[in-house]
Every structure is written in structure tokens, then in C-alpha cells.
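# Coordinate analysis (summary)
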Amino acid sequence: ALCRLTPSVFVDTMGCACAYPVARGLFGCHVACYVHYPTISTEMIKAVGARRAEHNNDATIAASRWRTAVKLCYYCAFAALYALAGRFATV
């Protein structure tokens, strides 16, 4: 879609931060965003770290130290990439 009609401002309301570098870096758009439900949050990371079974942390993962450690590494890496992509927002 960006190839066919490149907007001046790319607006995201879904929390798809991976699109920001594409819109800004490849197509030169200004990037504006309003994200009510982010893809990952500090609350999600805290729930995994505390080994609480919740909507984002299955009971089998919460019950296992090894699975929790792996998921925590994954969540932290994902959050770092999400934050990096968020830096492409300009508005």
C-alpha cells in the first residue's frame, strides 16, 4: 500500500511498531501513533517474572523456572525491539 500511495503521515492506532521503520525509513513518512494496547508492556514482563499464570502467561510456563527464564528473555528482547521501532515515531 505504501508503494502505491505514500502518505505524508503514517498513523498507527493498532500498536504495530514494526511498521514505523518501514514507513519512515523506506518511504519517508512522518509517523504518528496512538497506542492504547501495546503489543508488549512492562506489566506483561512483570507477570512472567513473578511466575503468575495470567492471560499472557500459561500455567505450564509459570510452573517451570526454565520455561519462565526462556520466556522472560524472549519478552525482554521483544520489548527492546518494540522500543527501538517506537523511536521511529515522529509525531
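Refer to the structure above for everything that follows.
What this report covers is the structure whose coordinates are included nearby.

## Let's talk about the overall build of the chain
A count of helical and extended segments in the chain gives 4 helices and 2 strands. Taken from the N to the C terminus, the helices and strands of the chain come in the order β-α-β-α-α-α. Expected size for 91 residues packed as a compact globule is a radius of gyration near 12 Å; at 16 Å, the chain overshoots this value by more than 25%. Overall size of the chain, expressed as C-alpha extent along the three principal axes, is 50 × 20 × 20 Å. Across the 91 residues of the chain, 27% fall into the buried class. By sequence separation, contacts in the chain at least 24 residues apart represent 41% of the contacts at least 6 residues apart. Positive and negative side-chain charges of the chain, numbering 9 and 4 respectively, have mean locations separated by a distance of 8 Å.

## A look at the pattern of salt bridges
A full pass over the atoms with the stated rule returns 1 salt bridge. A salt bridge links E54 to R52, with the shortest nitrogen-to-oxygen separation between them at 2.9 Å. Given the relative accessible area of 35%, E54 is considered partly exposed.

## Structural notes on the nonpolar core
Counting 14 residues, the largest nonpolar core has F10, A23, I40 and Y75 as the members making the most contacts within it. Only α1 (19-26), α2 (42-49) and α4 (65-86) provide two or more residues apiece to this core. Discounting residues that sit within four places of it in the chain, Y75 has contacts with I40, M44, I45, V48 and N56.

## Considerations on the packing of aromatic side chains
In total, this model carries 3 aromatic pairs according to the counting rule given. Between the aromatic rings of Y74 and Y75, the centroid separation amounts to 5.9 Å while the plane-to-plane angle is 50°, which identifies the pairing as tilted. Judged by relative accessible area, Y75 falls into the buried class, the value being 9%. A centroid spacing of 6.5 Å and a plane angle of 15° characterise the contact between F78 and Y82, whose relative ring orientation is stacked.

## Details of α2
Taken together, the buried positions of α2 are occupied by M44, I45, A47 and V48. Buried positions in α2, seen along its axis, are confined to an arc of 160° and lie on one side of it. Turned more than 90 degrees away from the buried face of α2 sit E43 and K46, all of them exposed. Elements in contact with the buried residues of α2: α4. Backbone geometry just after α2 places R51 at a positive phi near 60°.

Reading the values: the criteria
- Residues numbered from 1 in each chain as written.
- Predicted model: local features only at pLDDT ≥ 70, side-chain atom pairs only at ≥ 80, totals over all residues.
- Heavy atoms only, no water.
- Helix = DSSP H or I, 4+ residues; strand = E, 2+ residues; numbered from the N terminus.
- Rg over C-alpha atoms; globule rule 2.2 N^0.38 Å.
- Buried < 20%, exposed > 50% of the residue type's maximum accessible area, 1.4 Å probe, protein only.
- Contact = heavy atoms within 4.5 Å.
- Lys, Arg positive; Asp, Glu negative; His and termini not counted.
- Charge placed at Lys NZ, Arg CZ, Asp CG, Glu CD.
- Salt bridge = Lys/Arg side-chain N within 4 Å of Asp/Glu carboxyl O.
- Core = buried A, V, L, I, M, F, W, Y, C linked by side-chain atoms within 4.5 Å.
- Phe/Tyr/Trp six-rings, centres within 6.5 Å; stacked < 30°, edge-to-face > 60°.
- Arc of directions from axis to C-beta.

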